[in-house]
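Commentary on secondary and tertiary structure
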Amino acid sequence: MKFTLQSVDLKKQHKFSLIIAVSEKGEFTASGKELDKALNGQITQLIKKGDFSGKSGHSLLLPQNSTQPYEHVLLMGCGKNITVNERDYKRLLTASLKSFSQTKATNLLCTLSELTVAEHNLPWNIKQAVETCADALYCFDTFKSEKPTSPTFKQISFSVTDKKLLAACEKALSQGVAISEGVSYTKNIANLPSNICTPTYIAQQAKLLAKEFPAISVKIIEEREMEKLGMGAFLSVTKGSAENAKLICLEYKGTSKKQAPIALVGKGITFDTGGLSLKPADAMVGMKYDMCGAATVLGTLKAAATLKLPLHLVGLLATAENMPSGTASKPEDIVTSLSGQTIEIMNTDAEGRLVLCDTLTYCERYKPEVVIDIATLTGAVVIALGHHATGLLSNNDGLANDLLTAGKQSYDRAWQLPLWDEYQDQLKSPFADMSNVGGRPGGTITAACFLSRFAKKFQWAHLDVAGTAAMMGGNDRYATGRPVPLLTQYLINKCEKK
Ligand code: BES
Ligand code: MN
Ligand code: ZN
């Protein structure tokens, strides 16, 4: 599938299937007007007769006939007027693609990107349209014997009537393509079951990524080396598993300038049973997605490398499997972290913070400018924010604001929670420097408080994506690829500031 821009005379683009927005008042966008003329006012007549309402999401696929020179013509109602909000904009795009599912359309010419989307411009519309369409067309059928019939599209083209904006739109298009490729890549890894997607498998994927992009290099730290280093917290999580844990270290050098790197740290628990603090059966379903943080780091690095961003990036994937067994960690075990701080493991199901804390300490050797960790860390964040916003906590308000902004720009939004000292008290242990859990109140915050004790040497932000990286309930289970768009936008913004 190819995404392109169309700036030539749309009236002559006969090999295309058109998507035209129409409001309830019968308004069109600029191209819509032109195309209605090319169709001899056919659309205007339909509206006059009351055959098309223009209500948001209502659509009409005009039958092909000799007077209609295009492949197909789809009218998509956009509501009261041709100004829409972000959410409706995405819904209209998705609905449009769906309307073609009974056709053999190959080349779409979409003019919905000409709609006015509140607070945004044409380049934004194009970038978001690419991501939305790629999302709508994504399908994970590796394990289906009978593959679902896939859409016949070969090309989706977006109209750009204002030639002055063409360069900016080209740039937006390539960013949209790179981000959606990163998102699909993240989804493909995340959707795999844990019997295939083990720490070893993720390490192989990281090596393949490094092969694809010469600017990316990779180094794998095995359990033996973790022992030598003193990563007692990380190792306590993998003790019960037959799979080998791995700390996967990637580096992307997109610039020859010496630059303190931006480090992305991903939680990569390939399956989280809870360990001896075993999860109930229902709560265990979805726990193959406990490696979404790691998959997000891979997808973001891929997008950054595709865009050749002039940045120095580090990606650290803390991968392990959390299993109960005779060799597993037990409640009240005390371990010594790489930082030297001791931890009483009061709940083996709070394993994410244990692999992450040693990885954060390990991160210090890169002398990073900024460290962002991404983790499906707490069920509590799903209670607090549901599935729409990623939880954001940070020891630096500038960094937090940059991430919140990138989230708004990419429509992959985050919401900040406080990291006040008062919450730190909940982590007290009578025997060790800290407990690994802080009780039910403010569970997302105390998890971040725990991590903050290992992130004192740099600007750090934590993204709790337990509610946003994947949908885990019932039969509708899927990885979303979030927050690859947010992080890639953050990196793009960084380049523009530098
Ligand atoms: N991987 C889970 C968090 C999670 C829960 C992700 C639901 C996605 C959906 C994490 O390792 C976990 O088990 N957290 C515990 C922490 C508790 C023991 C302090 C939780 O949230 O219950
Ligand atoms: Mn857990
Ligand atoms: Zn977990």
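Residues numbered from 1 in each chain as written. Chains lettered and ligands numbered in written order. Predicted model: local features only at pLDDT ≥ 70, side-chain atom pairs only at ≥ 80, totals over all residues. Heavy atoms only, no water.

Here we come to the domain arrangement of the protein. What the domain assignment lists for the protein is domain 1 (2-182) and domain 2 (193-497). In this structure, domain 1 and domain 2 have C-alpha centres spaced 38 Å apart. Across the boundary between the two partners, domain 1 contributes 16 residues, which contact 18 residues of domain 2. Each partner contributes to the roughly 1200 Å² buried at the junction of domain 1 and domain 2, and carbon and sulfur atoms together form 63% of this total. Looking only at domain 1, the three residues that lose the most surface to domain 2 are Ala-178, Ile-179 and Gly-182, adding up to 33% of its buried area. Here domain 1 is connected to domain 2 by one salt bridge. Linking Glu-496 and Lys-171 is a salt bridge whose minimum nitrogen-to-oxygen distance equals 3.5 Å. One can count four residue pairs in polar contact (both at pLDDT 80 or more) joining domain 1 with domain 2. Elements with a minimum of two residues in the side of domain 1 that touches domain 2: α3 (86-99), α4 (122-137) and α5 (166-190). If one sorts the elements of the side of domain 1 that touches domain 2 by residue count, α5 sits on top with seven residues. For the side of domain 1 that touches domain 2, the class distribution of residues is four nonpolar, four polar and eight charged. (Domains from an automatic or database assignment. Contact = heavy atoms within 4.5 Å. Buried area = accessible area lost by both parts, 1.4 Å probe. Salt bridge = Lys/Arg side-chain N within 4 Å of Asp/Glu carboxyl O. Polar contact = N/O pair within 3.5 Å; in protein donor to acceptor, adjacent residues only side chain to side chain. Helix = DSSP H or I, 4+ residues; strand = E, 2+ residues; numbered from the N terminus. Nonpolar A, V, L, I, M, F, W, Y, C, P; charged D, E, K, R; others polar.)

Here the focus is the environment of Arg-482. Locating Arg-482 in the fold gives a position in the loop between β21 (478-479) and α16 (484-497). For the pair formed by Arg-482 and Asn-85, sequence separation is 397 residues and the distance between their alpha carbons is 21 Å. Excluding residues within four positions of it along the chain, Arg-482 makes contact with Thr-296, His-387, His-388, Ala-389, Thr-390, Asp-412, Arg-413, Thr-468 and Ala-469.

Here we take up the packing of aromatic side chains. For the coordinates displayed, the defined rule picks out seven aromatic pairs. Considering the side-chain rings of Phe-140 and Phe-143, the 6.1 Å spacing of their centres and the 55 degrees angle between planes classify their relative orientation as tilted. The exposure class assigned to Phe-140 is partly exposed, which follows from its relative accessible area of 26%. Measuring from ring centre to ring centre gives 6.2 Å for Trp-420 and Tyr-423, while their planes differ by 25 degrees; the resulting arrangement is stacked. (Phe/Tyr/Trp six-rings, centres within 6.5 Å; stacked < 30°, edge-to-face > 60°. Buried < 20%, exposed > 50% of the residue type's maximum accessible area, 1.4 Å probe, protein only.)

For the rest of this paragraph, the subject is the environment of Asp-141. For Asp-141, the position within the fold is in the loop between α4 and β8 (155-159). Taking the C-alpha atoms as reference points, Asp-141 and Asn-188, 47 residues apart in sequence, are found 10.0 Å from one another. Not counting residues up to four positions away in its chain, the partners in contact with Asp-141 are Lys-147 and Pro-148.

Okay, the coordination of the manganese ion (ligand 2) next. In the first shell of the manganese ion (ligand 2), the protein supplies Asp-272 (OD), Asp-349 (O), Asp-349 (OD) and Glu-351 (OE), at 2.0 to 2.2 Å from the metal. Between the donor residues of the manganese ion (ligand 2), the gaps in sequence give the motif D-x76-D-x1-E. A gap of 3.1 Å separates the manganese ion (ligand 2) and the zinc ion (ligand 3), which Asp-272 links by coordinating each metal. Remark: Asp-349 occurs in the loop between β14 (342-345) and α11 (352-363) and Asp-272 occurs in strand β11 (residues 262-272); sequence separation between them is 77 residues. Taking the relative accessible area as the measure of exposure, Asp-272 reaches 3% and is therefore buried. (Donors = N, O, S within 2.8 Å, 3.2 Å for Na, K, Ca; no water.)

Contacts to ligand 1 come from 16 residues, most closely from Lys-279, Asp-290, Asp-349, Glu-351 and Gly-379. For ligand 1, an oxygen atom lies 2.9 Å from a polar atom in the side chain of Asp-272. At a separation of 2.8 Å, an oxygen atom of ligand 1 approaches a polar side-chain atom of Lys-279. For ligand 1, whose free accessible area comes to 510 Å², the fraction covered by protein is 78%. Among the detected pockets, ligand 1 sits in the second largest pocket. Residues of the shell around ligand 1, tallied by class, amount to five nonpolar, four polar and seven charged. (Near = heavy atom within 4 Å. Areas by Shrake-Rupley, 256 points an atom, 1.4 Å probe, with all protein chains shown as cover. 1 Å grid on protein atoms, 1.4 Å probe; cavity = no way out; pocket = protein on both sides within 12 Å on 5 of 7 lines; lining within 4 Å. Sits in = over half its atoms within 2 Å of the grid points.)

A word on the coordination of the zinc ion (ligand 3). Within the first shell, the zinc ion (ligand 3) binds the protein through Lys-267 (NZ), Asp-272 (OD), Asp-290 (OD) and Glu-351 (OE), at distances of 2.0 to 2.4 Å. Considering all six donor atoms around the zinc ion (ligand 3), angles at the metal cover 78 to 174 degrees and the coordination shape is octahedral. Linear spacing of the donor residues for the zinc ion (ligand 3) on their chain is K-x4-D-x17-D-x60-E. What makes Asp-290 buried here is its relative accessible area of 2%. The exposure class assigned to Glu-351 is buried, which follows from its relative accessible area of 1%. (Tetrahedral: all angles 85-135°; square planar, octahedral: opposite > 155°, others 65-115°.)

Looking now at the pattern of salt bridges. One pass over the full model with this rule turns up 21 salt bridges. A salt bridge links Lys-253 to Glu-251; its shortest N-O distance comes to 3.8 Å. Under the relative-accessibility criterion, Glu-251 is labelled buried at 19%. The residue Asp-412 makes a salt bridge to Arg-482 at a minimum N-O spacing of 2.5 Å. Remark: Arg-482 occurs in the loop between β21 and α16 and Asp-412 occurs in the loop between α13 (397-409) and β17 (414-416); sequence separation between them is 70 residues. With relative accessibility at 1%, the residue Asp-412 sits in the buried group. Of the residues examined, Arg-482 reaches a relative accessible area of 16% and is grouped as buried.

Burial along β14 is two-sided: the residues Thr-342 and Glu-344 and Ile-343 and Ile-345 are all buried. Pairing analysis gives four bridges linking strand β13 (residues 333-336) to β14, with the strands arranged antiparallel. Looking across to β14, one finds that Asp-333 is bridged to Ile-345. Between β13 and β14, which follow one another and run antiparallel, lie five residues, and Gly-340 among them has a positive phi close to 95 degrees. Of the strand pairs in this sheet, β14 and strand β18 (residues 434-435) are connected by two bridges, and their pairing is parallel. Along β18, the bridge assignment pairs Glu-344 with Ser-435. (Pairing = 2+ DSSP bridges.)

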